[in-house]
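Residue-level structure breakdown
Residues per chain are reported as follows:
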Amino acid sequence: MTKINELFGKDLTVLNVGLASMAKSVSDQGVRVIDLDWQPPKEGIPRLRQTRSGVSMDAANQEVVSRIQRGQAVLIGMGIARDVIPGMHARMILHAGPPIEWQRMCGPTRGAVMGALIYEGLAGDESEAMQLATSGAIEFSPCHHHHGVGPMAGVVSASMPVWILENKAFGNRAYCTLNEGLGKVLRYGGMGPEVYARLKWMASDLYPALDRALQSLPNGIDIKSLIAQALHMGDECHNRNRAATSLFLRAIGPALARTNKDNEVLAKVIEFIDRNDHFFLNLSMPAGKAMLEAAEGVEGSTIVTVMARNGTDFGIRLASMPERWFVAPAGQVQGLYFPQYTEKDANPDIGDSTITETAGYGGMAMAAAPAITQFVGGTPQMAMQNTLEMYEITFGEHENLTIPALNFRGTPLGIDVRKVMETGILPRINTGIAHKDPGVGMVGAGILRAPEKCFKDAFEAIKEM
Amino acid sequence: MIVKTLIKTSEYHDSVSLMLVARELSKLESVQDAAVVMGTEANKSILADAGLLTEEAGAASPNDLVIGVSAPSDSAADAALQKAEVLLKQKASSVQAGEFKPKTIRGALSSNPAANVAVISVAGRYATDEAWEALSHGLHVLLFSDNVSLEDEISLKKYAREQGLLLMGPGAGTTILNGVALGFANVLPRGPVGIVSAAGTGLQEVSTLLARHGVGISQGIGTGGRDLKKEVGGVMMLEALKALQQDDATNVIVLISKPPAEEVVRLILDQLAASVKPAVICFLGGDASQSALEKIPNVIPARTLYECALLAGRLIPDEVGDVKTFLDAENSGLAKQAQNLKARLNANQYYLRGLFSGGTLCYEAQVIWKEILDIPVHSNAPLPGGSTLPDSTKSRRHTAVDLGEEEFTVGRPHPMIDNDLRIRRILQEARDPEVAVIMFDVVIGYGAHPDPASELGQAVEDAQKLARGEGRELVFVASVTGTEEDPQSLSRTTSTLEHAGVHVCDSNSAAARLTALLVSG
Amino acid sequence: MYLRAISLGYAVPDGNFEAEAHSVFQSALNLHLNSEDNLLTLIASSEGDLPQGIRLDTPEGFSFENFRVGDLMICRDEILVFEKDSLTIQLSEARRWKCDLPALRFDPADPAVAAAWSFVWEVLNARQRLSEAEIVAQELLGKSAREGVAHRAGKAIRTLLSAARRYDLTDSSAQSLIGLGSGLTPSGDDLLSGYLAGLWCIVQGESKRAQFISSLGETIIHLSSKTNDISRTYLYHAAQGQVSSRLADLVEGICRGENPKRLNELAEAAFDVGHTSGTDTVTGLLIGLGAWIRVEFPE
């Protein structure tokens, strides 16, 4: 039977591309009509299908998406940055986002750098730290250049303990510090005795306790699986990690108990995790990094494998050119502010946490986390629309991460630069907002779109590919 | 007395909201006087007279909204202004987010994988790309848009055929799939007649004539007007014909078109011969292909759309026998009516003017006029070998104008949607002292104007008034293409027209015949 | 949403342009063209045509209120797209709309025309009294004792009328109407727009009249800097003899000596603009029609 004869027997479902009146007259007859919000194609955006050397971009993207999906991000242990992060040394400071020199760093990043120098004992006070930072004696490098990611300022110094995640399917590893909690904290550029004291405690008590527990788990903890479960529990694992943090505590709880004799220390560790809804963020991020990095180096791909901000610039990298940054000024976040703050206090968009959107959760999975709108603004309906809109610019849908409210449809996965440019839809990001001055901390949370320029420049590069 | 003002800089609210705010404020017991005005000099002077002009208000610009109140206390004045603010905001906050709409076909399909038909009506230069996109995703396409090049049409249709998909159009105004009207179409019963038509209004006329006699259709597929050109090769008519031949719900097939290219006729005949299903073929105005058609046993040729409907619906009682006998009986009735109407005309009113919105209806009328009239009818869309009107905007002697032709629709809506052009043309024809009768078609249904009869009826009354002012009477003849179930309703449309003095016939064919009889013999 | 424009006013530019949303209402959205002083107005299908209007084939329940002042919009190749919100408008199949007031023949010597004028005058006054409008046509012409806006407007329009009859261009009473009274488009402006429309209908080929109107129009355009952007746009077009289709249809109906039923429909449509803008404009129109042609203004 031909497709025409097949159609004769079926209920019609009509896509309306154009006049609203056409859609109306059809839906008036009780027929399901999907009325497109059609817009003319953007000027000067050719439809790219293959590279100059003849590689099919769709095939390359298929490979990238498949690699990301096959990734198995497992927490396998912990270590001290200088010992485990490749290239790390005593006079190196890692930071979030694309590369940046001291002069152009924003307030929170500068604060975090100075704080780290003091914490490391490289400087005695803030003015010494400032001097040292400007002296050129410190090497600044993006986390992303070292298989790492860091939230907000994302600062990592040599003696900090870090999580080690391994992508079991590909064998690559990713690193991230431990989440400090809210308030005056280093990742928001916080300096001062209480910041250093907390970091010290994390190194002296929290890290060994967790490390001992993890060592007793030969298979580690499957973080990807926790993310998948958390998406079914109202998290999107960027700005909402409440369920995932609980799941993590559940996963590590018995091992913690078995391997730690001192109940008071144990209680403090559990309390620390329990009181920080974002504790899991520093696991969801390196999990994304571990899965995305395995997809890098696929020739002809137009998929984004890094989106990151340093509070001054926003940068993206592509699977096909993993060494190259496409950079634009970081945007201002529209969102809800804590009572005493307004957007005047806000620093531009900052942090590596956009790795979550890149890996197919975070803002991409907002439909799974309607409650988040209390935090970032908007309505649950808008959360749904955000995810639906993102399907327009992703190459695939995640087979393992699904959204109950969309009938367990896979999350939008693999931001395709071509689609971004063709539709003019820029990726949406859920994010916290840092105060522009060092050390004040978080002033709110909200939503913004990635800057167009990164994608424009990347598109130009793809044309030449 | 405390006087306070609130200035809303460059804020515009409609007059009704402003009035409501003013009323609510003056209703407040604590408010002595209130004013809600734009901050112009003239209004400031009024405020000054009323003692409401504060320094702030004095500094307002004409683009600022000034709300002034006087009240016995500071707090009462503040409360009043706060109330004003709330009232103004009330309206603004009522907006809600709409349903999510995908931006691309790809995006829409990812959320709605069951979609099977795309209806494309964006501007022509974008339509081809969208049609490709739809076909490549396995969707059948109704390409409503005009201004798609012939080359694009050919390659789209070839690709559609390879994929086994329908590409209806471009410029496919009418299609009925599984009983659903897409584009310009009517509310019709389902039934045994399957129609493929290269002519939109032809499909509408035949399907509505059938519907009025209780005969439904299985499918009505519009191929677009150029499908039967040599270059396109009738690709879609052939594909749709094959599908209807295999369709169990279709017992009778109807094909409608202006005369196709010769090689295309051959292809169609071959395909018709491949099945025993009866097929009524109306190649309107194509006398040449008539004989070839008659050679195939299951094929019945029809000369007009009306004949086509009669034959396909088997509407002629057995005792009457053939179409000719049936029509002769009907025609004698029309002849009598014409005789009566002729009495109203002056001796020097010679000519008919046909003003059509439907191209096929214009064509059908010309087929009938050619047969009845001694002198040729001029048209901007003449029959093969007919006389082309040198200037479409000016009629000469007997004239048939298809106002849906591109020359009239570039940069303006189609006459089925917008009656303006026809109204003006009716008035123009009414001024010509040699005109006897003005005929027009009224197409209703989905996509058409919501109430064409009222507007055209008004035009007829105006035109008649104009003619009477010059000492003569005009005859107006029309037919309505539509069904009772259409949103505009056949009976309502008919009675509105009759009320305006129009003689409404049961078919375009009858209307054309009556019109011709008024100016012949 | 993809909508087709049904009609384009004469003032809508032909080529490409950029604009931003100036003011937003439920069934209208004003656009400020980057290259021009006057506004363009997007209007819902339920409204009449405007000289500066782009009337859209909007579905039932459509509202422009999702848009914000300052939203940017570009028009390329007859496709108009809003950058932020999702509205795309196809201009290419729209009908150009323009009214031709000087072509009308207002001839109150024809009893049907005189009756039509009187009929509309009556329904106008009835409507104004019923809605407790500030301005009542009848009272403007009589030396009403009413204070405030009506008093000023009455004085000005009477002076305006007698100046027109004397072809006196030195009269400055238009000035006191500009920006006068309540409403988004202040009543005085509406009266002037209507008045200008009335004058345009009675030029009847006389160059003296044509000259007078264009001079008066220029004066009013000049004065209109004293009122708001929206009002100024209407005054500008009225000075060129271009008014809304509802007003043009009404005056055409009067000139044709339509029957009361039809006149009533036309009048209702013309009244139904803003709160009193409609009735104020019709007031100006009916008075303007009597400037040079003897109309019996009822006592």
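The structure under discussion appears in the preceding block.
Summarised in this report is the structure supplied together with it. (Residues numbered from 1 in each chain as written. Chains lettered and ligands numbered in written order. Predicted model: local features only at pLDDT ≥ 70, side-chain atom pairs only at ≥ 80, totals over all residues. Heavy atoms only, no water.)

1. Considerations on the overall build of chain C
Put simply, the rule reads: Helix and strand labels come from DSSP, where a helix needs a run of H or I of at least four residues and a strand needs a run of E of at least two; each type is numbered from the N terminus. Computation of the radius of gyration draws on C-alpha atoms, with the globule rule given as 2.2 Å multiplied by the number of residues to the power 0.38. Between buried and exposed lies partly exposed: a residue is buried under 20% and exposed over 50% of the maximum accessible area for its type, with that area taken using a 1.4 Å probe on protein chains only. Contacts are residue-level and defined by heavy atoms, with any inter-residue pair within 4.5 Å sufficient. All accessible areas in this document rest on Shrake-Rupley with a 1.4 Å probe, and a residue is counted as covered only by the protein chains that are shown. The charge count treats Lys and Arg as positive and Asp and Glu as negative. His and the chain ends do not count. By convention, the point assigned to a charge is CZ for Arg, NZ for Lys, CD for Glu and CG for Asp.
From N to C terminus, chain C includes 10 helices and nine strands. Computed over its C-alpha atoms, the radius of gyration of chain C comes to 19 Å, within 12% of the 19 Å expected for a compact globule of 299 residues. In terms of principal-axis extent, the alpha carbons of chain C reach across some 55 × 40 × 40 Å. Split into buried and exposed, the 299 residues of chain C put 60% on the buried side. Sequence-distant contacts in chain C: of pairs separated by 6 or more residues, those separated by 24 or more amount to 64%. For chain C, the exposed surface amounts to about 11600 Å²; the carbon and sulfur share of it is 48%. Here chain C contributes 27 positive and 40 negative side-chain charges, whose respective centroids are spaced 6 Å apart.

2. Things to note about empty space enclosed by the protein
Residues and elements named next belong to chain A. Threshold: In this analysis the probe radius is 1.4 Å and the grid spacing 1 Å, with only protein atoms considered; a cavity is a set of points the probe fits into but cannot get out of, a pocket is an open set with protein on both sides within 12 Å along at least five of seven lines, and lining residues have an atom within 4 Å of a point. Grid points are joined across faces, edges and corners, and a volume is the space filled by probe spheres set on the points. Polar here means any residue outside two lists: the nonpolar Ala, Val, Leu, Ile, Met, Phe, Trp, Tyr, Cys and Pro, and the charged Asp, Glu, Lys and Arg; Gly therefore counts as polar.
Per the stated rule, a full pass over the model turns up five cavities of 30 Å³ or more. Empty space within the largest cavity amounts to approximately 170 Å³. Surrounding the largest cavity, 16 residues form its lining, Met160, Thr177, Leu178, Glu180 and Leu199 being those nearest its centre. Of all the elements, helix H7 (residues 193-215) adds the most residues to the lining of the largest cavity, at three residues. For the lining of the largest cavity, the per-class residue count stands at 10 nonpolar, four polar and two charged. In this structure, the second largest cavity encloses a volume near 120 Å³. What lines the second largest cavity is a set of 14 residues, and nearest its centre among them are Met152, Tyr188, Asn239, Leu281 and Gly432.

3. Observations regarding the interface of chain B and chain A
Under the convention used in this document: Buried area: the sum, over both parts, of the accessible surface (1.4 Å probe) that disappears when the two are put together. Salt bridges, as used here, are contacts in which a Lys or Arg side-chain nitrogen is within 4 Å of a carboxyl oxygen on Asp or Glu.
Between chain B and chain A, the residue contacts involve 50 residues of the former and 43 residues of the latter. Taken together, the two surfaces of chain B and chain A that pack against each other cover about 4300 Å², and 59% of this comes from carbon and sulfur. Of all residues in chain B, the largest losses of buried area upon contact with chain A belong to Phe100(B), Lys103(B) and Arg106(B), amounting jointly to 17% of the total for that side. At the junction of chain B with chain A, the criterion picks out four salt bridges. In this structure, Lys103(B) engages Asp37(A) in a salt bridge whose closest nitrogen and oxygen atoms are separated by 3.9 Å.

4. Let's talk about the sheet that holds strand S3 (residues 73-80) of chain A
Residues and elements named next belong to chain A. Operational definition: Should DSSP find at least two bridges between two strands, the strands are taken to pair. Only the stretch in contact is used when a helix axis is fitted, and all axes are lines through C-alpha atoms; the angle between N-to-C directions ranges over 0 to 180 degrees.
What the four strands build is an open sheet, ordered S7-S6-S3-S8; its pairing is antiparallel. With partners counted over all chains shown, the strands left at the sheet margins are strand S7 (173-177) and strand S8 (221-222), one partner each. Sheet topology note: the S3/S8 ladder contains two bridges and is antiparallel. The residue of S8 that forms the bridge with Leu75 is Ile221. Most of the contacts of helix H11 (residues 281-293) go to S7, to which it runs at about 155°, and overall it touches S3, strand S6 (161-167) and S7.

5. Points about the interface of chain C and chain B
If you look at the interface, chain C gives 44 residues, while chain B gives 37 residues. Summing both partners gives a buried area of about 3100 Å² for chain C against chain B, and 51% of it is carried by carbon and sulfur. When the buried surface of chain C facing chain B is broken down by residue, Arg95(C), Arg152(C) and His275(C) rank first, second and third, together holding 18% of it. The tally of links from chain C across to chain B stands at four salt bridges.

6. A look at the nonpolar core
Which entries qualify depends on this criterion: Side-chain atoms within 4.5 Å link the members of a nonpolar core, which is a set of buried Ala, Val, Leu, Ile, Met, Phe, Trp, Tyr and Cys residues.
In terms of nonpolar packing, the biggest core is built from 144 residues, with Leu15(A), Ile120(B), Leu177(B), Ile268(B) and Trp369(B) touching the most fellow members. What Leu15(A) contacts, discounting residues up to four positions off in sequence, is Ile34(A), Leu36(A), Ile105(B), Ala108(B), Leu109(B), Ala115(B), Val117(B), Ala118(B), Val119(B) and Leu139(B). Counting residues in each nonpolar core, the second largest holds 90 residues, with Leu206(A), Ala368(A), Leu406(A) and Leu413(A) among its members.

7. A short note on unusual backbone geometry
Residue Pro170(B) is reached from Gly169(B) by a cis peptide bond, and omega for that bond is 0°. For Pro170(B), the location among the structural elements is in the loop between strand S6 (167-168) and strand S7 (174-177).

8. Brief notes about the packing of helix H8 (residues 223-231) of chain A against helix H9 (residues 242-259) of chain A
The relative placement of two packed helices comes down to the angle between their axes together with the axis-to-axis distance. All names here are of chain A. Put simply, the rule reads: Should an angle lie under 35 degrees it is considered roughly parallel, over 145 roughly antiparallel, and from 65 to 115 roughly perpendicular; all remaining angles are considered oblique. Should the near helix be turned anticlockwise from the far one by less than a right angle, the crossing is termed left-handed; should it be turned clockwise, right-handed.
In contact at an axis separation of 9 Å, H8 and H9 are set at 135° when each is read in the N-to-C sense. Taken as axis vectors, H8 and H9 run oblique relative to one another. For the pair H8 and H9, the sense of crossing is right-handed. Across the interface between the two elements, Leu226, Gln229 and Ala230 from H8 touch Ala244, Leu247 and Phe248 from H9. Among the residues making up the contact of H8 with H9, the classes are represented as five nonpolar, one polar and no charged.

9. What to know about the packing of aromatic side chains
What counts is decided by this rule: Stacked, edge-to-face and tilted are the three classes for Phe, Tyr and Trp ring pairs, Trp counted by its six-membered ring, which pair at centre distances within 6.5 Å; planes under 30 degrees apart are stacked, over 60 edge-to-face, the rest tilted. Lysine and arginine charges are scored as sitting over a ring when NZ or CZ, respectively, is within 6 Å of the ring centre and within 35 degrees of the ring normal.
For the structure shown, the criterion picks out 18 aromatic pairs over all chains. Where Phe212(C) meets Trp292(C), the ring centres are 5.8 Å apart and the plane angle is 80°; that geometry is what we call edge-to-face. Here Trp292(C) lies in the segment after helix H10 (277-289) and Phe212(C) lies in helix H6 (residues 207-223), a separation of 80 residues in the sequence. Owing to a relative accessible area of 13%, Trp292(C) belongs among the buried residues under this scheme. Lying over the aromatic face of Tyr363(B), Lys258(B) brings its terminal NZ or CZ to 4.6 Å of the ring centre.

10. Looking at helix H16 (residues 420-430) of chain B
Within H16(B), eight of the 11 residues are buried, which leaves the element mostly enclosed by the surrounding structure. Residues Asp420(B), Leu421(B), Arg422(B), Arg425(B), Ile426(B), Leu427(B), Glu429(B) and Ala430(B) constitute the buried set of H16(B).

11. Some details on the pairing of strand S8 (residues 180-183) of chain B
Side-chain direction in a regular strand flips from residue to residue, so the side chains alternate between the two faces of the sheet. Residues and elements named next belong to chain B. Pairing between S7 and S8: four bridges, direction antiparallel. Within S8, the residue paired with Ile176 across the bridge is Ala181. Here S7 hands over to S8 after two residues, with Asn178 in that stretch at a positive phi of 50°.

12. Quick notes on the sheet that holds strand S11 (residues 321-329) of chain A
All names here are of chain A. With respect to topology, four strands assemble into an open sheet ordered S11-S10-S9-S13, the strand pairing being antiparallel. One side of each edge strand has no neighbouring strand; the edge strands of this open sheet are S11 and strand S13 (350-351). As judged from the two bridges shared by strand S9 (residues 304-310) and S13, these two strands associate in the antiparallel manner. From the neighbouring strand, Asn310 faces S13, where its bridge partner is Ile350. Most of the contacts of helix H16 (residues 452-463) go to S11, to which it runs at about 140°, and overall it touches S9, strand S10 (313-318) and S11.

13. Focus on the side chain of Glu153(B)
Residues and elements named next belong to chain B. Relative to the helices and strands, Glu153 resides in helix H7 (residues 150-163). For Glu153, a relative accessible area of 1% corresponds to the buried category. When neighbours within four sequence positions are excluded, Glu153 is seen to be in contact with Val148, Gly169, Pro170, Arg226, Asp227 and Val232.

14. Examining the side chain of Asp247(B)
As for its placement among the helices and strands, Asp247(B) is situated in the loop between helix H9 (235-246) and strand S11 (252-257). For the buried residue Asp247(B), which engages in no salt bridge, the nearest side chain bearing the opposite charge is Lys277(B), 6.0 Å off. Contact partners of Asp247(B), with chain neighbours within four places excluded, come to Asn5(A), Phe8(A), Ser218(B) and Lys277(B).

15. Observations concerning the environment of Pro161(A)
Residue and element names in this part refer to chain A. Within the secondary structure, Pro161 is located in strand S6. Remark: the alpha-carbon pair of Pro161 and Arg82, spanning 79 residues in sequence, is separated by 9.0 Å. Dropping the residues within four chain positions of it, Pro161 is found in contact with Gly79, Ile80, Thr177, Leu178, Met202, Ala203 and Tyr207.

16. Remarks on the packing of helix H5 (residues 187-200) of chain C against helix H7 (residues 229-239) of chain C
All names here are of chain C. Their axes nearest at 9 Å, the elements H5 and H7 cross at an angle of 10°. Put simply, H5 runs roughly parallel to H7. As H5 runs across H7, the sense of the crossing is left-handed. For the pair H5 and H7, contact is made by Asp189, Leu192, Ser193, Leu196 and Trp200 and by Ser231, Tyr234, Leu235, Ala238 and Ala239, respectively. Broken down by class, the residue content of the contact of H5 with H7 amounts to seven nonpolar, two polar and one charged.

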